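Spelled out from the first residue to the last, the chains are:
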Amino acid sequence: MAPRANWKGFLCLSLVTCPVALYPATSESEKISFDQLNRGTGHRIKYLKVDADTGDEVQNEDIVKGYEVEKGQYIEVSKEELEEIALESTRTIEIDEFVDRSDIDPRYLIRPYYIRPDGNVGHDAFAVIQETIREMDKVAIGRVVLTNRQHIIALEPMEDKGLVGTLLRYPYEVRSEQEYFDEIQDVKVTKDMLDLATHIVNQKAGRFDPKKFEDHHESALIDLINQKRAGKPITPKSKPAAGNVVDLMEALRRSVGKEAAKKLKKEFAGQKEMLMPIAGKKPAKEAAAKKPAARPQRKSA
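1. Let's talk about the sheet that holds strand β9 (residues 163-168)
Spatially, β1-β2-β6-β9-β8-β7-β5 is the arrangement adopted by the seven strands of the closed barrel, whose pairing is mixed. Strand-to-strand twist in this sheet, taken as the mean axis angle between neighbours without regard to direction, amounts to 40 degrees. Of the pairings in the sheet, the one linking strand β8 (residues 149-157) to β9 comprises six bridges and is antiparallel in character. Of the residues in β9, the one forming a bridge with L155 is G165. On the sheet, helix α2 (residues 123-136) packs against β1 (7-13), β2 (16-24), β5 (92-99), β6 (109-117), β7 (139-146), β8 and β9 and is oriented at approximately 80 degrees with respect to β2.

Structure follows, in structure tokens:
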């Protein structure tokens, strides 16, 4: 089934316009989620909207929005009043300016969307806008109205086709770092410490590849559910004792040795794999018999 667009409209660079559609670039639906159950009956818990003082259930038609101006004192705002001031969507992403990617503070990033031409027309104009942004090596900044609110959106070309548009926060939504960092002590880092730490960083240097990282908690949840479904007993795993290294220099030295050992182990594993065809592989039947069981599929959870 083709993905469903969250928004459709027009992308404009001055007088160059093309119809586009926005699609969520991320999803939380694949993660394990739980319902709350009544332990005694096994039934799902149902939430009711009740009056905080009387405890009586309140129907949806009797619920209005309110802004608390003082403790327990609210200014009611009706649905009609909110609709009166709601921004009318022009169904347009108007590009206002082009900035360097480094100018955008990561704290302002909210949520990415894929942007592609909508329908069979406008592909030429879309390609012109995309290639212009790519050639300039810039990020296009525009505005878009989603759910009656105007958002800032940053547009960047994907490696092959299409654009990715990332919603940005407004300044009032970003907290100042001063209240968190003011109490950090000024520490003099010695050259020996810096050299050791730099050595560790160089040993860990690489290119970011999200495929190398696994959500271990999600995997553990899937395994737990599969074991309980199969009726297997659940035995708690023993947790490793936490180390308590007080000497910072000693910790750095240990880290250097640890990373060197890991690197050597990885290189040895690679050499062993290259030598396998020369040494000869085990018969296919024997190899298949010793092959570990396949990891449970997500859909089986």
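There is more to say, and it comes next.
2. Looking at the environment of K262
With respect to the helices and strands, K262 occurs in helix α6 (residues 248-279). Under the relative-accessibility criterion, K262 is labelled partly exposed at 42%. Residues K262 and K204 lie 58 residues apart in sequence; the distance between their C-alpha atoms is 10.0 Å.

3. So, a nonpolar patch on the surface
On the surface, a nonpolar cluster with roughly 330 Å² of combined accessible area is contributed by Y67, V69 and I75. Checked against the element boundaries, Y67 lands in strand β3 (residues 65-70). Given a relative accessible area of 59%, Y67 falls into the exposed group.

4. Re the pairing of β3
Summarising the sheet, β3 and strand β4 (residues 73-77) pair through five bridges and their orientation is antiparallel. Looking at β4, one finds that K65 is bridged to V77. Two successive antiparallel strands, β3 and β4, enclose a turn made up of two residues, where G72 displays a positive phi of approximately 80 degrees.

5. A closer look at the pairing of β8
Direction of pairing for β7 relative to β8: antiparallel, over a ladder of seven bridges. Bridge pairing in β8 links A140 to L155. From the end of β8 to the start of β9, which pair antiparallel, there are five residues, and G162 there has a positive phi angle of about 80 degrees.

Conventions and cut-offs
Residues numbered from 1 in each chain as written. Predicted model: local features only at pLDDT ≥ 70, side-chain atom pairs only at ≥ 80, totals over all residues. Heavy atoms only, no water. Pairing = 2+ DSSP bridges. Helix = DSSP H or I, 4+ residues; strand = E, 2+ residues; numbered from the N terminus. Axes fitted to C-alpha atoms, helices over the stretch in contact; angles between N-to-C directions. Contact = heavy atoms within 4.5 Å. Buried < 20%, exposed > 50% of the residue type's maximum accessible area, 1.4 Å probe, protein only. Patch = residues over 30% accessible without salt bridge, like charges linked within 9 Å, V, L, I, M, F, W, Y side chains within 5 Å. Areas by Shrake-Rupley, 256 points an atom, 1.4 Å probe, with all protein chains shown as cover. Salt bridge = Lys/Arg side-chain N within 4 Å of Asp/Glu carboxyl O.

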